Amino acid sequence: MTFKTTALAAAVALLAAPVAAQELSIATGGTGGTYFPYGGGLAEVINNHVEGASASAEVTGASVENVALIARGDSDIAIALADTVFGAYTGTGAFEGRQVGELRALASIYPNAVQIVTLAGSGISSIEDLRGKRVSVGAPGSGTEVSAQTLLAANGITYEDFDEQRLNFNETADALRDGDIDAGFWSVGPPTSSILNLATTREISMIAMTEEQIAAAIAAEPTFAPYTLRAGLYEGMTDGVPTISTPNVLIVHEDMDEELAYNITKAMYENVAELIAIHPAANDTTLEFSVAATPIPFHPGALRYLEEVGAAVQDRQRP
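Computed from a predicted structure; not experimentally measured.

Cut-off values and rules
Residues numbered from 1 in each chain as written. Predicted model: local features only at pLDDT ≥ 70, side-chain atom pairs only at ≥ 80, totals over all residues. Heavy atoms only, no water. Helix = DSSP H or I, 4+ residues; strand = E, 2+ residues; numbered from the N terminus. Axes fitted to C-alpha atoms, helices over the stretch in contact; angles between N-to-C directions. Parallel < 35°, antiparallel > 145°, perpendicular 65-115°, else oblique. Left-handed = near helix turned anticlockwise from the far one by under 90°. Contact = heavy atoms within 4.5 Å. 1 Å grid on protein atoms, 1.4 Å probe; cavity = no way out; pocket = protein on both sides within 12 Å on 5 of 7 lines; lining within 4 Å. Points joined across faces, edges and corners; volume = space filled by probe spheres on them. Nonpolar A, V, L, I, M, F, W, Y, C, P; charged D, E, K, R; others polar. Phe/Tyr/Trp six-rings, centres within 6.5 Å; stacked < 30°, edge-to-face > 60°. Buried < 20%, exposed > 50% of the residue type's maximum accessible area, 1.4 Å probe, protein only. Lys NZ or Arg CZ within 6 Å of the ring centre and 35° of its normal.

1. A short note on unusual backbone geometry
For step 1, the next point in the chain: The omega torsion across P190 and P191 is -5°, close enough to zero to call that bond cis.
For step 2, the next point in the chain: In this fold, P191 is placed in the loop between strand 7 (183-188) and helix 7 (193-201).
For step 3, the next point in the chain: Phi at A62 takes a positive value of approximately 75°, unusual for a residue other than glycine.
For step 4, the next point in the chain: By the element assignment, A62 lies in the loop between strand 2 (53-58) and helix 3 (63-72).

2. Notes on the packing of helix 6 (residues 169-178) against helix 7
For step 1, the next point in the chain: The geometry of helix 6 relative to helix 7 is characterised by a closest axis approach of 9 Å and an angle of 15° between their N-to-C directions. With respect to helix 7, the element helix 6 is oriented roughly parallel. Seen from above, helix 6 lies across helix 7 with right-handed handedness. Residue-level inspection shows F169, N170, A173, L176 and R177 of helix 6 in contact with helix 7, the latter providing S194, L198 and T201.

3. Thoughts on the layout of surface pockets
For step 1, the next point in the chain: In this structure, the largest pocket occupies an estimated 830 Å³ of space.
For step 2, the next point in the chain: What lines the largest pocket is a set of 36 residues, and nearest its centre among them are Y35, L81, N112, G143 and S187.
For step 3, the next point in the chain: For the lining of the largest pocket, the secondary-structure elements that each account for two or more residues are helix 3, helix 4 (82-90), strand 4 (103-119), helix 5 (143-154), helix 6 and strand 7.
For step 4, the next point in the chain: The residue inventory of the lining of the largest pocket, partitioned by class, reads eleven nonpolar, 24 polar and one charged.

4. Focus on the packing of aromatic side chains
For step 1, the next point in the chain: The full count for this structure, using the stated rule, is five aromatic pairs.
For step 2, the next point in the chain: Relative to Y110, the ring of Y38 lies with its centre 5.8 Å away and its plane at 35°, an arrangement referred to as tilted. Remark: Y110 occurs in strand 4 and Y38 occurs in helix 2 (residues 35-49); sequence separation between them is 72 residues.
For step 3, the next point in the chain: For Y38, a relative accessible area of 1% corresponds to the buried category.
For step 4, the next point in the chain: When its relative accessible area of 1% is taken as the criterion, Y110 is described as buried.
For step 5, the next point in the chain: The interplanar angle of 10° and the centroid separation of 5.8 Å between the aromatic rings of Y269 and Y305 together place this pair among those described as stacked. Taken together, the residues span a long stretch of sequence, with Y269 in helix 9 (residues 258-270) and Y305 in helix 12 (residues 300-308) at a distance of 36 residues. Neither residue differs from the other here; Y269 and Y305 are each classed as buried.
For step 6, the next point in the chain: Taken together, the ring pairs connect Y262, Y269 and Y305 into an aromatic cluster.
For step 7, the next point in the chain: Between R98 and the ring centre of F95, over which it is positioned, the NZ or CZ distance is 4.7 Å.

Printed below as a string of structure tokens:
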């Protein structure tokens, strides 16, 4: 074989070699929450259904860190709470003076729903009934406490009106079970294990919010979205319970390739059953929830898919 023939054969072999898949990093959260398993499920969907791309979920410090990872280009896709995403995009709140206007959304994927729990027979049937009671508002500085404070204050209730306890999810469930508190707040993707476990040992009651209370909360925090906890979510829940939620948003940088963003969005919605099999929070990964709840503009690739399927995209969600 001549040198020329050998060189030609090598060139043909190179051309025939498969092109390496684009490797995507999905920034999630800690292993004990919903972000990490959901991100892992999304990575599987991308690996199985997006040609030319592979993805893996990365453990991170969640929302605020994830925004920074996208801004720096250290992650390609991330999950973050809507209030964090909106603050970063607009340069308001904690992000005053450090705006990240290049953020774009692929979707809002599921809500952190405010779940206000008491025991049956407690006499508490509305947030007004929390006055004078012992109430867990979540761990200090947690998203749960922020949501609880905001929605209560919007409806004229402050910590001065009740005996506040700052307990994490498991501590809140234990305190309710043992009669040490009268009610507790959770802000988390439903269903959550601590309430599931409590409902197996005690008869629980979920406190509903009225339309007026929900509207007041949204006026105070525009990234809140209405949400109904579905009947049967927890043992003994016979009816749906209206509440508010903070959406979890799938974010990318505006510089992501439009075709890639389109293919990821399409693969996620069209294979959502694979996500549900990994975590039930994906039951809320719907077109309707996404266009109702996403607080920043969609990436042009995601927008193209939404328009193809006839989703009612809002004007403020267009780049």
